[in-house]
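Letter by letter, the chains look like this.
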Amino acid sequence: MTWQKIIALLAGRLRRHVGRCACPLCDQQERGMREMLGMPRLHPESLTRGLPAGQEEELAALADELWPDEEWTGIIIEVRRAEGQP
């Protein structure tokens, strides 16, 4: 096997490793997050995977509708300060 094929094979595996890919590491991270939050094990939403394409904009639009005066920004800042983040 040539080095180009090895790199292509590894790159393909890394691309599939985005979000919840069912590998032990991802599953362990997902389980840990669910346990920490008290979330049911079989809940359909993932806590460790990014949003599918287009859903970030939908979520931003929903936040604008629910918190038109930017209250959500204050909530995020408060949570980050409580966690010791800048």
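Residues numbered from 1 in each chain as written. Predicted model: local features only at pLDDT ≥ 70, side-chain atom pairs only at ≥ 80, totals over all residues. Heavy atoms only, no water.

S.K.: When you look at a nonpolar patch on the surface in this model, what are you seeing that I'm missing?
M.R.: Taken together, Met-33, Met-36, Leu-37 and Leu-47 make up a surface patch of nonpolar side chains, about 370 Å² in accessible area. Inspection of the secondary structure assignment puts Leu-37 in helix H2 (residues 24-37). Judged by its relative accessible area of 52%, Leu-37 falls in the exposed class. (Patch = residues over 30% accessible without salt bridge, like charges linked within 9 Å, V, L, I, M, F, W, Y side chains within 5 Å. Areas by Shrake-Rupley, 256 points an atom, 1.4 Å probe, with all protein chains shown as cover. Salt bridge = Lys/Arg side-chain N within 4 Å of Asp/Glu carboxyl O. Helix = DSSP H or I, 4+ residues; strand = E, 2+ residues; numbered from the N terminus. Buried < 20%, exposed > 50% of the residue type's maximum accessible area, 1.4 Å probe, protein only.)

S.K.: Before we go on, may I ask you to explain the confidence of the model for the protein in this structure?
M.R.: In regions of low pLDDT, the predicted coordinates are not meant to be interpreted in detail. Overall, the prediction assigns the protein a mean pLDDT of 76, with 77% of residues at 70 or greater. Summarising per-element confidence for the protein, the mean pLDDT is lowest in helix H1 (residues 3-16) (67) and highest in helix H3 (residues 55-66) (86). (pLDDT = per-residue confidence, 0-100.)

S.K.: How should H3 be read in this particular structure?
M.R.: Think of an α-helix as turning once every 3.6 residues; residues three or four places apart then point the same way. With 12 residues, H3 should reach 16 Å at 1.5 Å per residue; the first-to-last C-alpha distance of 16 Å fits that figure. The element H3 is largely exposed, with a buried count of 1 among its 12 residues. (Expected span 1.5 Å × (residues − 1).)

S.K.: I would appreciate a short explanation of the pattern of salt bridges in the present structure.
M.R.: Any two side chains of opposite charge can pair, so long as their charged atoms come close to each other. Scanning the entire structure with this criterion turns up 1 salt bridge. Ionic pairing is found between Glu-30 and Arg-34, a salt bridge with its closest N-O pair at 2.9 Å. Of this pair, Glu-30 and Arg-34 both sit in helix H2, 4 residues apart, which is roughly one turn of that helix. Of the two residues, Glu-30 and Arg-34, both sit in the buried class.

S.K.: What exactly am I supposed to notice about helix H4 (residues 71-82) here?
M.R.: Between its first and last C-alpha, H4 extends 17 Å over 12 residues, near the 16 Å set by a 1.5 Å rise per residue. Where H4 ends, the next residue or the one after it, Gly-84, has phi of about 85°, a positive value.

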